[in-house]
Amino acid sequence: MSILKKPQATRTNLVSIIGHLEEDNRNVLRIQNRKLKNFDQIPILRDLFGKLWDASKLINACFGTSLLVCIGNDFGTVTLNGYWMYLNFKKSESAAVTCSIGLWSIPHLVCLLLIAGFCYLTVFRANETALIIHKIDNNTIHGHNIGLRTRIQQFSIQMLHQKPAFNACGFFDINFTLLYMIIGAITTHLIILIQFQNMN
């Protein structure tokens, strides 16, 4: 019974965090409309960053298996479609059949591109935020406000330890490097399949 309750609890946590992120997004927009006075908004940004990290962990927990199956399916489909295109081209079948097989691969390639793109952009923006906070040094802070320095240092340490990342069940990180690896693997598999076909 606890196995059935866990996904529901995880979904509830994810929905809750997404709701908090939307609320915090409104707070960030209010911060942008006001002047940043004594960096009072750092705790709000720190909380928002923590919720982003929590959301990435929950997304990995909820959708890791689904992403792994989806990426594996797309990889297999594109590889096999490439092989069938080669066979049709070799047998001098109609160009329409070869083109239709190639067109069949486009949705799978777009799916891979979108998954990798959104995951990469989220992680890139989080890392960019970390770089901006690291650039705030003692010269930027007016006066000798020790409390303000402590807040910035705590936020900086939080970003060092809580790096959002998306992966497929821990097998590999999902980013543009994944696309490079998939293209290399597809090429390798196609070469192997073509060599076996030529041996026959």
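In case you missed it, the structure is sitting above this.
On a predicted model such as this, the values are computed, not experimentally measured, just so you know.

**Here we look at the overall build of the protein chain**
Within the protein chain one finds five helices and zero strands. Seen in sequence order, the protein chain has helices and strands lined up from the N terminus as α-α-α-α-α. Residue burial in the protein chain is summarised as follows: out of 200 residues, 30% are buried. For the protein chain, contacts bridging at least 24 residues in sequence account for 79% of all contacts bridging at least 6. In the structure as shown, the protein chain presents an accessible area of about 13,400 Å², 65% of it carried by carbon and sulfur atoms.

**Concerning helix H4 (residues 146-161)**
For H4, with 16 residues, the first-to-last C-alpha span of 22 Å sits near the 22 Å given by 1.5 Å per residue. Those residues of H4 lying buried are Leu148, Ile152, Phe155, Ser156, Gln158 and Met159. Seen from one end, H4 has its buried residues packed into an arc of 160°, which puts them on one side. For H4, the exposed residues set more than 90 degrees away from the buried face come down to Ile146 and His161. In this fold, the buried residues of H4 make contact with helix H2 (42-90) and helix H3 (95-135).

**Considering the state of the cysteines**
Per the counting criterion, the structure on display carries zero disulfides. Looking at Cys70, it has no disulfide partner, and the nearest cysteine sulfur is the one in Cys111, 3.6 Å off. According to the relative accessible area criterion, Cys111 is partly exposed, its value standing at 25%.

**Points about the pattern of salt bridges**
One pass over the structure, following the stated rule, counts two salt bridges. As a salt-bridge pair, Asp47 and Lys51 come within 3.2 Å of each other at their nearest N and O atoms. Of the two residues, Asp47 and Lys51 are both situated in helix H2; the distance of four residues between them amounts to about one turn of the helix. What makes Lys51 buried here is its relative accessible area of 16%. The salt bridge partner of Glu128 is Arg125, with a shortest N-O separation of 2.8 Å.

**Details of the nonpolar core**
The biggest cluster of nonpolar side chains holds 17 residues, and the ones touching the most others in it are Leu67, Ile71, Leu112, Ile174, Leu178, Ile182 and Ile186. Of all the secondary structure elements, the ones that give two or more residues to this core are H2, H3 and helix H5 (176-199). Not counting chain neighbours up to four residues away, the residues in contact with Ile71 comprise Leu112, Phe172, Ile174, Leu178 and Ile182. Residues Ile42, Ile133, Ile136 and Ile152 belong to the second largest nonpolar core, which totals 10 residues.

**Focus on unusual backbone geometry**
Unusually for a residue other than glycine, Cys169 sits at a positive phi of about 55°. Here Cys169 is to be found in the loop between H4 and H5.

**A short note on the packing of aromatic side chains**
Enumeration over the complete set of coordinates arrives at four aromatic pairs. An aromatic cluster of at least three residues, connected via ring pairs, comprises Tyr120, Phe124 and Phe176.

What counts, and at which threshold
- Residues numbered from 1 in each chain as written.
- Predicted model: local features only at pLDDT ≥ 70, side-chain atom pairs only at ≥ 80, totals over all residues.
- Heavy atoms only, no water.
- Helix = DSSP H or I, 4+ residues; strand = E, 2+ residues; numbered from the N terminus.
- Buried < 20%, exposed > 50% of the residue type's maximum accessible area, 1.4 Å probe, protein only.
- Contact = heavy atoms within 4.5 Å.
- Areas by Shrake-Rupley, 256 points an atom, 1.4 Å probe, with all protein chains shown as cover.
- Expected span 1.5 Å × (residues − 1).
- Arc of directions from axis to C-beta.
- Disulfide = S-S within 2.5 Å.
- Salt bridge = Lys/Arg side-chain N within 4 Å of Asp/Glu carboxyl O.
- Core = buried A, V, L, I, M, F, W, Y, C linked by side-chain atoms within 4.5 Å.
- Phe/Tyr/Trp six-rings, centres within 6.5 Å; stacked < 30°, edge-to-face > 60°.

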